[in-house]
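Below are the chains, spelled out letter by letter.
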Amino acid sequence: MTAIALSLEAATWAAEVRAHLADLPATDRDELLEDLDALIVDVEAEGESVVDRLGSPRDYAAELRSAAGLPAAGRVDAPLLLKLRQVIAQPWVRSSRTFLGELKPGWWVARGLVLGLLFVLLLSSDTQARHLPLLRLWHWDSYGWDWYDGDYSAVVVYGGSVMASVLFGRRVELRHPIAKGLLVSRD
Amino acid sequence: VRIAYYYVMDASQLLKGVLDVAVLAVLAVEDGYGYDVVRRLRGNGLEEVGDASVYGTLRRLYAAGSLTSYVVPSDEGPHRKYYALNDRGRTVLAEERKTWDGFARTLDSLLGLEAAA
């Protein structure tokens, strides 16, 4: 066999086809690519451009795999993803996920309280409220813990933010969140 | 979106199902290398057949044990890998010919129903 001179265009095209088959086992790939140089030489000998005659490297590689009965590109899971799926399929992960799922309403309430706190911190000019906004409902005086008479602003703020958080959480939950779909394993 | 479910049959879809038997039939006449098989298929009316489909099919038929191969060196370019039908390939071709004949008869009669009615 003599040295084969391919045009730059053809050599680039062939390298790209090779790259699109990179995930296959070496023997499969080598067998599929064995005749590629000969084909390119024949195509160019007839004065045709490789891309015009054979199409894009991606399409060519896809057609080659499908005709040879090999899996399409991307169907093979990356090792890390595979590992992740295996871990997710473990019984203890499943039960933990169920348990965490049951704790969700509690998390919504906590999130609401934090949001309310942020709201108070941002808007309140009251120094005491700034320092201990959660205690805005009560204050420490000579009689011990005492209720601020007539000031229900904190009730409104925290009650409102908790309610908004819970309603939002329920809404997202009912719409089947994307994150949930991603974590469901394909078995 | 119901329209998306309708299936439009075209020659390239049909070809996928019968490319094996077409390649075997071509090689039954004479041994050939990939590009040569493509040329002969196109010359015999399968103008739409893609190079990658033929090369992939040759590979698969070879892996399935229906073909043997031998390399013919060339002075001017890369060596060529010739494929030839072996006994198993001839048996497969004979079976597929029977399947095709039966299928073609069935479809012919189905397509004739309308004309006869």
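Cut-offs applied
Residues numbered from 1 in each chain as written. Chains lettered and ligands numbered in written order. Predicted model: local features only at pLDDT ≥ 70, side-chain atom pairs only at ≥ 80, totals over all residues. Heavy atoms only, no water. Pairing = 2+ DSSP bridges. Helix = DSSP H or I, 4+ residues; strand = E, 2+ residues; numbered from the N terminus. Axes fitted to C-alpha atoms, helices over the stretch in contact; angles between N-to-C directions. Parallel < 35°, antiparallel > 145°, perpendicular 65-115°, else oblique. Left-handed = near helix turned anticlockwise from the far one by under 90°. Contact = heavy atoms within 4.5 Å. Nonpolar A, V, L, I, M, F, W, Y, C, P; charged D, E, K, R; others polar. Buried area = accessible area lost by both parts, 1.4 Å probe. Salt bridge = Lys/Arg side-chain N within 4 Å of Asp/Glu carboxyl O. Polar contact = N/O pair within 3.5 Å; in protein donor to acceptor, adjacent residues only side chain to side chain. Buried < 20%, exposed > 50% of the residue type's maximum accessible area, 1.4 Å probe, protein only. Expected span 1.5 Å × (residues − 1). Arc of directions from axis to C-beta. Patch = residues over 30% accessible without salt bridge, like charges linked within 9 Å, V, L, I, M, F, W, Y side chains within 5 Å. Areas by Shrake-Rupley, 256 points an atom, 1.4 Å probe, with all protein chains shown as cover.

The next point concerns the sheet that holds strand S2 (residues 67-72) of chain B. The strands making up a sheet associate through hydrogen bonds between their backbones, and the pairing can be parallel or antiparallel. Residue and element names in this part refer to chain B. Here 3 strands make up an open sheet; going across it, the order is S1-S3-S2 and the pairing antiparallel. Since the sheet does not close on itself, it has two edges, and those belong to strand S1 (32-33) and S2, each with one partner. Here S1 runs beside strand S3 (residues 80-85); their pairing, made up of 2 bridges, is antiparallel. Its bridge partner lying in S3, Tyr33 is registered against Tyr82.

All right, on to the packing of helix H1 (residues 8-20) of chain A against helix H5 (residues 57-68) of chain A then. All names here are of chain A. Running from N to C, H1 and H5 cross one another at 50 degrees; their axes reach a closest spacing of 8 Å. The orientation of H1 with respect to H5, classified from their angle, is oblique. As for how H1 packs across H5, the hand of that crossing is right-handed. Along its contact with H1, which presents Trp13, Glu16, Val17 and His20, the element H5 presents Pro57, Arg58, Tyr60, Ala61 and Arg65. Of the residues contributing to the contact of H1 with H5, the split by class is 5 nonpolar, 1 polar and 3 charged.

With 23 residues of chain B at the interface, the matching set in chain A holds 22 residues. Taken together, the two surfaces of chain B and chain A that pack against each other cover about 1900 Å², and 52% of this comes from carbon and sulfur. Our count for the contact surface shared by chain B and chain A stands at 6 salt bridges. Of the charged contacts, one joins A:Glu34 and B:Lys81 as a salt bridge, the two residues approaching to 2.8 Å between their closest N and O atoms. Linking chain B with chain A are 10 residue pairs in polar contact (both at pLDDT 80 or more). Secondary structure elements with two or more residues in the side of chain B that touches chain A: helix H2 (34-43), helix H3 (51-63) and S3 of chain B. With 8 residues, the top contributor of residues to the side of chain B that touches chain A is H3(B). Broken down by class, the residue content of the side of chain B that touches chain A amounts to 7 nonpolar, 7 polar and 9 charged.

The full count for this structure, using the stated rule, is 12 salt bridges over all chains. Notably, a salt bridge pairs B:Arg60 with B:Asp20, separated by 2.9 Å at the nearest N-O pair. On the criterion of sequence distance, the pair formed by B:Arg60 in helix H3 and B:Asp20 in helix H1 (residues 11-29) is long-range, its members being 40 residues apart. The class of B:Arg60 is partly exposed, set by a relative accessible area of 27%. The residue B:Asp36 makes a salt bridge to B:Arg40 at a minimum N-O spacing of 2.8 Å. Placement of the pair is B:Asp36 and B:Arg40 together in helix H2, with a separation of 4 residues, close to one helical turn. As far as the burial class goes, B:Asp36 and B:Arg40 line up, both buried. Here the salt bridges do not stand alone but share partners, grouping A:Glu31, A:Glu34, B:Arg59 and B:Lys81 into one network.

All names here are of chain A. Taking 1.5 Å per residue, 13 residues should reach 18 Å; H1 reaches 19 Å between its end C-alpha atoms and fits that length. Here H1 has its buried residues at Ala10, Trp13, Ala14 and Val17. All buried residues of H1 fall inside an arc of 100 degrees around its axis, so they share one side. Exposed residues on H1 whose side chains face more than 90 degrees from its buried face are Leu8 and Ala19. The elements touched by buried residues of H1 are helix H2 (26-33), helix H3 (36-45), helix H4 (50-54) and H5.

Residues and elements named next belong to chain A. Where H1 contacts H3, the axes come no closer than 11 Å and their chain directions differ by 145 degrees. Of the two possible hands of crossing, H1 and H3 adopt the one that is right-handed. Along its contact with H1, which presents Glu9, Ala10, Trp13, Ala14, Val17 and Arg18, the element H3 presents Leu36, Asp37, Ile40 and Glu44. Residues belonging to the contact of H1 with H3 are distributed by class as follows: 6 nonpolar, no polar and 4 charged.

It is worth spelling out a nonpolar patch on the surface at this point. All names here are of chain B. A contiguous nonpolar patch, built from Trp100, Phe103, Leu107, Leu110, Leu111 and Leu113 and spanning about 640 Å² of accessible area, is present on the exposed surface. Inspection of the secondary structure puts Leu107 in helix H4 (residues 87-116). In this structure Leu107 comes out as partly exposed when scored by relative accessible area, which is 39%.

Let us look at the side chain of B:Lys81. Looking at where B:Lys81 falls in the secondary structure, it is placed in strand S3. You can call B:Lys81 buried: its relative accessible area is 11%. At a separation of 2.8 Å, a polar atom in the side chain of B:Lys81 contacts the side chain of A:Glu34. Filtering out sequence-adjacent residues up to four positions away, B:Lys81 remains in contact with A:Glu34, A:Asp35, B:Gly32, B:Tyr33, B:Gly34, B:Arg59, B:Ser69, B:Tyr70 and B:Val71.

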